[in-house]
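Below are the chains, spelled out letter by letter.
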Amino acid sequence: MSQCEGPPSKSDRTPNRLIHEQSPYLRQHAYNPVDWQPWGEEARAEARAQNKPILLSIGYSACHWCHVMERESFENDEIARLMNENFVPIKVDREERPDLDQVYMDAVQLISGHGGWPLTVFLTPEGEPFYGGTYFPPEDRHGLAGFPRVLTAVAEAWRERLADVNLSVRRITDALRQLGDLAPSDAEPRRGVAQAAASSIARAYDSVHGGIGSAPKFPNPGVFSLFLRTLDAGHDPGFGEMVRHTLERMAHGGIYDQLGGGFHRYSVDERWLVPHFEKMLYDNALLARLYLDAGRVLGEEEFLTVARETLDYMLREMTSPEGGFYSSQDADSEGEEGRFFLWTLDEVRARFGASLAPIAERYYDVSAEGNFDGRNILHRTVSVAEAARLFGRPEAEMRQSLDEIRQKLFAARERRVRPGRDEKCLAAWNAMAISAFATASRALSEPRYLEAARRAAEFAARKLWKDGVLCRSYSEGVARFDAYLEDYALLCGAMIDLYEASLDRSYLDRARQLADAMLARYLDRERGGFFFVAEGHEKLIVRNKPAFDGATPSGNSAAAMALVRLYAYHSDDRYLDGARGVFRL
């Protein structure tokens, strides 16, 4: 290469083996100089034949730090050389393979005490973890070891201290097995156990800004749904106030897209101001339903408006022509985090005359210095009534002005380069969206929401259900991967929601079909509860039972809820026994 030539662009490189994958996330890495390949027996056989450890990298399309590590390390020729010479590099999309993500995330949390994405794990050729972490910078930085130093040290340990590696393998594998070794109780669940759980979680409530814990702060729809249920059961009204306060602060913050509706994934600060800008289908489905429930229980019309705006965002930007729902939108556009969503003071002023510009600046807190790298994340610090008083206008007139401001800013934003979108459709995530739209059709008397739920249900039946087996992922006309527990459980619950919204008996029949398949293929008949993967699934180092409700409901909690509801309709003891097994475990 002459000195006048730059490094080869992606398009000049020969693609690696990810080029044939359907996952947009995997194809993003197809032109890295890293010799990536997908997870499978071929890659493990190569590792055995070459006596190399596996370098497993797990992420997803909308993940900001995944993009950062790609730019810094996986596009770096010298770092790629270290990876290729010493390891068999494998890339996994966590959304397609949550089974792998769950096992190796548990391993990294045991190793380092924390988790996240990108997930970076070093494995034996048999898939046993011995070291790992999350994001590694390209050089030593802020107390983090640089990725080249990590690669060199791990490769040296594999070559020269294999006994230490094997000891680490045994310790981590034993700990992983203990994590999943839950013994069932002989007793039935006690009355009040849910209230006790709610009270315990409430001790971590942030009474200043709302939400649970401190920064980074996640929406936690499952927690606040539990608080609403605890309130509805006739307990402490303080649970209602925690929900009201949190949902109001979120709806006014930067975590909520003030122009287009919908929520970003989480807030990096405790005030809900600065989000990680990716938008996930599951967050918006669960939060739309939470705002619907809270709006009705607490009598908050604003919450119903937020639910409508979120559902309308999903219809506008996340719905495929075939009726399914896409997975996510990126945090980045034009190579910058949040660029699509940020505004300068001059950009705002350029859209309005002298009467509206000051209102826009005050209502959305837009300033010359900005609140994010010199630009502004739109958020609300005053109500409509307060804005009306500040500018000496009637409230109805102020509301009209704010509607005009929002529409003009939204139209201007639509002309920008949009963030990338991951257009694969996942069974569990579509199920959560179906439930949200079905619930909204009843709560808001909106026929178009029922139609959206029906279309998505028909999409799932046509594209994801094959000869009595549910598939996990659909993209570019092809369904792939045997579904996991959460896919069956959440889709079963969604069919019940759709039956209750439409009174169409066929949806209840589909719920039974899914429940019967779940009982046949995922149930632990000896100890109760459900495994994450089906009988006959590819053998992993552990076969675990998911119990923790994180950003989405765990497979076991979703299964128990769906089975209890089905039992109420059919009085089939198999359904009640399956749910009981989860509770006792």
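For clarity, every value in this text was computed on a predicted model and none was experimentally measured.

1. Side note on the packing of helix α10 (residues 238-252) against helix α12 (residues 301-317)
Thinking step 1. Where α10 meets α12, the axes come as close as 11 Å, and the angle between the chain directions of the two elements is 50 degrees. Judged by the angle between their axes, α10 and α12 are oblique. Crossing hand, α10 versus α12: left-handed. Along the contact surface, α10 presents Arg 244, Leu 247, Glu 248, Ala 251 and His 252, while α12 presents Glu 302, Phe 303 and Val 306.
Thinking step 2. When its residues are assigned to classes, the contact of α10 with α12 shows four nonpolar, one polar and three charged.

2. Considering unusual backbone geometry
Thinking step 1. The residue after Trp 117, namely Pro 118, is reached through a cis peptide bond having omega 5 degrees.
Thinking step 2. The residue Pro 118 is located in the loop between α5 (98-112) and β4 (119-123) in this model.
Thinking step 3. Between Ala 215 and the following residue, Pro 216, the backbone shows a cis peptide bond with an omega angle of -10 degrees.
Thinking step 4. In this structure, Pro 216 sits in the loop between α8 (193-202) and α9 (221-232).
Thinking step 5. Phi is positive for Ser 445, which is not a glycine, with a value near 55 degrees.

3. Focus on the state of the cysteines
Thinking step 1. In this structure the tally under the stated criterion is one disulfide.
Thinking step 2. Between Cys 63 and Cys 66 runs a disulfide, and the two sulfur atoms are separated by 2.4 Å. Judged by the sign of its S-S torsion, about 80 degrees, the cystine formed by Cys 63 and Cys 66 is right-handed.
Thinking step 3. Taking relative accessible area as the criterion, Cys 63 reaches 4% and is therefore assigned buried.
Thinking step 4. Assessed through its relative accessible area of 3%, Cys 66 is described here as buried.
Thinking step 5. The thiol of Cys 471 is unpaired, and the distance to the nearest cysteine sulfur, on Cys 425, comes to 13 Å.
Thinking step 6. Cysteine Cys 492 shares no disulfide, and the gap to the nearest cysteine sulfur, in Cys 471, comes to 18 Å.
Thinking step 7. Assessed through its relative accessible area of 0%, Cys 492 is described here as buried.

4. Let's talk about the sheet that holds strand β2 (residues 54-59)
Thinking step 1. Reading across from one edge, β1-β3-β2-β4-β5 is the order of the five strands in this open sheet, with mixed pairing throughout. The open sheet has two free edges, formed respectively by β1 (37-38) and β5 (129-133), since each of these has just one partner strand.
Thinking step 2. Sheet topology note: the β2/β4 ladder contains five bridges and is antiparallel. Paired with Leu 56 across the two strands is Val 121, which belongs to β4.
Thinking step 3. Across the sheet, α5 is in contact with β2, β3 (88-93), β4 and β5; its angle to β4 comes to roughly 85 degrees.

5. With respect to the sheet that holds strand β9 (residues 328-329)
Strands in a sheet are paired, the pairing made by backbone hydrogen bonds, and the direction either parallel or antiparallel.
Thinking step 1. Reading across the sheet, the three strands line up as β8-β9-β14 and stay open at both edges, with antiparallel pairing between neighbours. Both edges of this open sheet fall to β8 (279-280) and β14 (421-422), since each of them pairs with a single strand only.
Thinking step 2. Strand direction decides the pairing type here: β9 and β14, joined by two bridges, are antiparallel. Bridging from a neighbouring strand, Gln 329 pairs with Arg 421 of β14.

6. Focus on α5
Thinking step 1. Over its 15 residues, α5 extends 20 Å from the first C-alpha to the last, a length consistent with the 21 Å expected when each residue adds 1.5 Å.
Thinking step 2. Those residues of α5 that fall on the buried side of the exposure criterion are Pro 98, Asp 99, Leu 100, Asp 101, Val 103, Tyr 104, Met 105, Ala 107 and Val 108.
Thinking step 3. Note on α5: the residue one or two positions beyond its end, Gly 113, has a positive phi of about 85 degrees.

7. Here's the deal with helix α4 (residues 77-86)
Each turn of an α-helix holds 3.6 residues, which means side chains three or four residues apart point in the same direction.
Thinking step 1. Among the residues making up α4, those that are buried are Ile 79, Ala 80, Leu 82, Met 83, Asn 84 and Asn 86.
Thinking step 2. The backbone nitrogen of Glu 78 lies 2.9 Å from a side-chain oxygen of the residue at the head of α4, namely Asn 76.

8. Focus: the pattern of salt bridges
When the charged atoms of two side chains lie near each other, side chains of opposite charge can form a pair.
Thinking step 1. Across all of its chains, the model carries 67 salt bridges by this definition.
Thinking step 2. The partner of Arg 339 in a salt bridge is Glu 334, and the shortest N-O contact between them spans 3.0 Å.

9. What about the nonpolar core?
Thinking step 1. In this structure, Tyr 291, Met 495 and Phe 530 are the most contacted members of the largest nonpolar core, which totals 133 residues.
Thinking step 2. If we skip the residues at most four places from it in the chain, Tyr 291 touches Leu 247, Met 250, Ala 251, Phe 263, Phe 303, Leu 304, Val 306 and Ala 307.

10. With respect to the pairing of β2
Thinking step 1. Counting buried positions over the six residues of β2 gives six, a clear majority of the element.
Thinking step 2. Of the pairings in the sheet, the one linking β2 to β3 comprises six bridges and is parallel in character. From the neighbouring strand, Gly 59 faces β3, where its bridge partner is Asp 93.

11. Describing the packing of aromatic side chains
Thinking step 1. Tallied over the full model, the rule gives 26 aromatic pairs.
Thinking step 2. Measuring from centroid to centroid gives 6.2 Å for Trp 39 and Tyr 104, while their planes differ by 55 degrees, and the two rings are tilted. Of this pair, Trp 39 sits in the loop between β1 and α2 (41-50) while Tyr 104 sits in helix α5, and the two are 65 residues apart along the sequence. For the pair shown, Trp 39 and Tyr 104 are each scored as buried.
Thinking step 3. With a centroid separation of 5.3 Å and an interplanar angle of 50 degrees, the aromatic rings of Phe 87 and Phe 122 are classed as tilted. In this pair, Phe 87 sits in the loop between α4 and β3 while Phe 122 sits in strand β4, placing the two residues 35 residues apart along the sequence.
Thinking step 4. Relative accessible area serves as the criterion here: at 2%, Phe 87 is assigned to the buried category.
Thinking step 5. You can call Phe 122 buried: its relative accessible area is 0%.

Definitions and cut-offs
- Residues numbered from 1 in each chain as written.
- Predicted model: local features only at pLDDT ≥ 70, side-chain atom pairs only at ≥ 80, totals over all residues.
- Heavy atoms only, no water.
- Axes fitted to C-alpha atoms, helices over the stretch in contact; angles between N-to-C directions.
- Helix = DSSP H or I, 4+ residues; strand = E, 2+ residues; numbered from the N terminus.
- Parallel < 35°, antiparallel > 145°, perpendicular 65-115°, else oblique.
- Left-handed = near helix turned anticlockwise from the far one by under 90°.
- Contact = heavy atoms within 4.5 Å.
- Nonpolar A, V, L, I, M, F, W, Y, C, P; charged D, E, K, R; others polar.
- Disulfide = S-S within 2.5 Å.
- Buried < 20%, exposed > 50% of the residue type's maximum accessible area, 1.4 Å probe, protein only.
- Pairing = 2+ DSSP bridges.
- Expected span 1.5 Å × (residues − 1).
- Polar contact = N/O pair within 3.5 Å; in protein donor to acceptor, adjacent residues only side chain to side chain.
- Salt bridge = Lys/Arg side-chain N within 4 Å of Asp/Glu carboxyl O.
- Core = buried A, V, L, I, M, F, W, Y, C linked by side-chain atoms within 4.5 Å.
- Phe/Tyr/Trp six-rings, centres within 6.5 Å; stacked < 30°, edge-to-face > 60°.

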